[in-house]
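Each chain, written out:
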Amino acid sequence: MNHNREQRCIQLFNRFKAHFQRSLALDDAEKDFYPSQVSNQTNRMLADHDAAEFCRLMIRFTSHMGVDDFNNNWFFFSDFIYQDEDLDCQHAIESKQKEAPNDE
């Protein structure tokens, strides 16, 4: 039987894999590709690989930080990525830059 943390990692992998599969299907639809057995199998393999890599990075990323550090980093990443699309994210990034202007 798996340790609880290992089990949660497996569940997380399955969730990431499902998200990556949806993303790949959306990417194909935006490019006007029609799904076929070959493209579906390729997307499943790509989603499997991407989910495994993402989980591996998350595990490594979190191995030396606590919950608070993880949350701070995660919110910073999301704000940084979406700052051009969301004013709240932009304000959060600007306030972070004012707090630590030489943090690059």
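Conventions and cut-offs
Residues numbered from 1 in each chain as written. Predicted model: local features only at pLDDT ≥ 70, side-chain atom pairs only at ≥ 80, totals over all residues. Heavy atoms only, no water. Helix = DSSP H or I, 4+ residues; strand = E, 2+ residues; numbered from the N terminus. Expected span 1.5 Å × (residues − 1). Buried < 20%, exposed > 50% of the residue type's maximum accessible area, 1.4 Å probe, protein only. Contact = heavy atoms within 4.5 Å. pLDDT = per-residue confidence, 0-100. Salt bridge = Lys/Arg side-chain N within 4 Å of Asp/Glu carboxyl O. Axes fitted to C-alpha atoms, helices over the stretch in contact; angles between N-to-C directions. Left-handed = near helix turned anticlockwise from the far one by under 90°. Nonpolar A, V, L, I, M, F, W, Y, C, P; charged D, E, K, R; others polar.

### A short note on helix 1 (residues 4-30)
Along an α-helix, a turn takes 3.6 residues, which lines up residues three or four apart on a common side.
Then, number 1: In a regular helix each residue adds 1.5 Å, so 27 residues correspond to 39 Å; helix 1 covers 39 Å between its end C-alpha atoms and thus fits that length.
Then, number 2: Restricting attention to buried positions, one finds in helix 1 the residues F16, L24 and D28.
Then, number 3: On its buried face, helix 1 sits against helix 2 (37-62).
Then, number 4: Downstream of helix 1 by a residue or two, D32 has a phi angle that is positive, lying close to 60°.

### Section: the confidence of the model for the chain
Then, number 1: Chain-level pLDDT for the chain is 88 on average; 94% of the residues reach the 70-or-more range.
Then, number 2: Across the chain, helix 2 holds the top mean pLDDT of 92, while helix 4 (residues 87-99) sits lowest at 88.

### Some thoughts on unusual backbone geometry
Then, number 1: The phi torsion at D32 lies on the positive side, around 60°, for a residue other than glycine.
Then, number 2: Along the chain, D32 turns up in the loop between helix 1 and helix 2.

### Considering the pattern of salt bridges
Then, number 1: For the structure shown, the criterion picks out two salt bridges.
Then, number 2: A salt bridge links D48 to K17, with the nearest nitrogen and oxygen atoms 3.5 Å apart. Highlighted residues: D48 in helix 2 and K17 in helix 1, separated in sequence by 31 residues.
Then, number 3: Overall, the relative accessible area of 33% leaves D48 in the partly exposed class.
Then, number 4: Residue classification places K17 among the partly exposed residues on the basis of a relative accessible area of 23%.
Then, number 5: Here E53 ties to R56 by a salt bridge, and the two come within 2.4 Å at their closest N and O atoms. Taken together, the residues E53 and R56, both in helix 2 and three residues apart, mark about one turn of the helix.

### Topic: the packing of helix 3 (residues 67-82) against helix 4
Then, number 1: One can describe the packing of helix 3 onto helix 4 by two numbers: an axis separation of 8 Å at closest approach and a directional angle of 115°. Helix 3 and helix 4 meet at a crossing whose hand is left-handed. Here F76, S78, D79, F80 and Y82 of helix 3 come into contact with helix 4, specifically with C89, A92, I93 and K96.
Then, number 2: Here the contact of helix 3 with helix 4 is built from residues that sort into six nonpolar, one polar and two charged.

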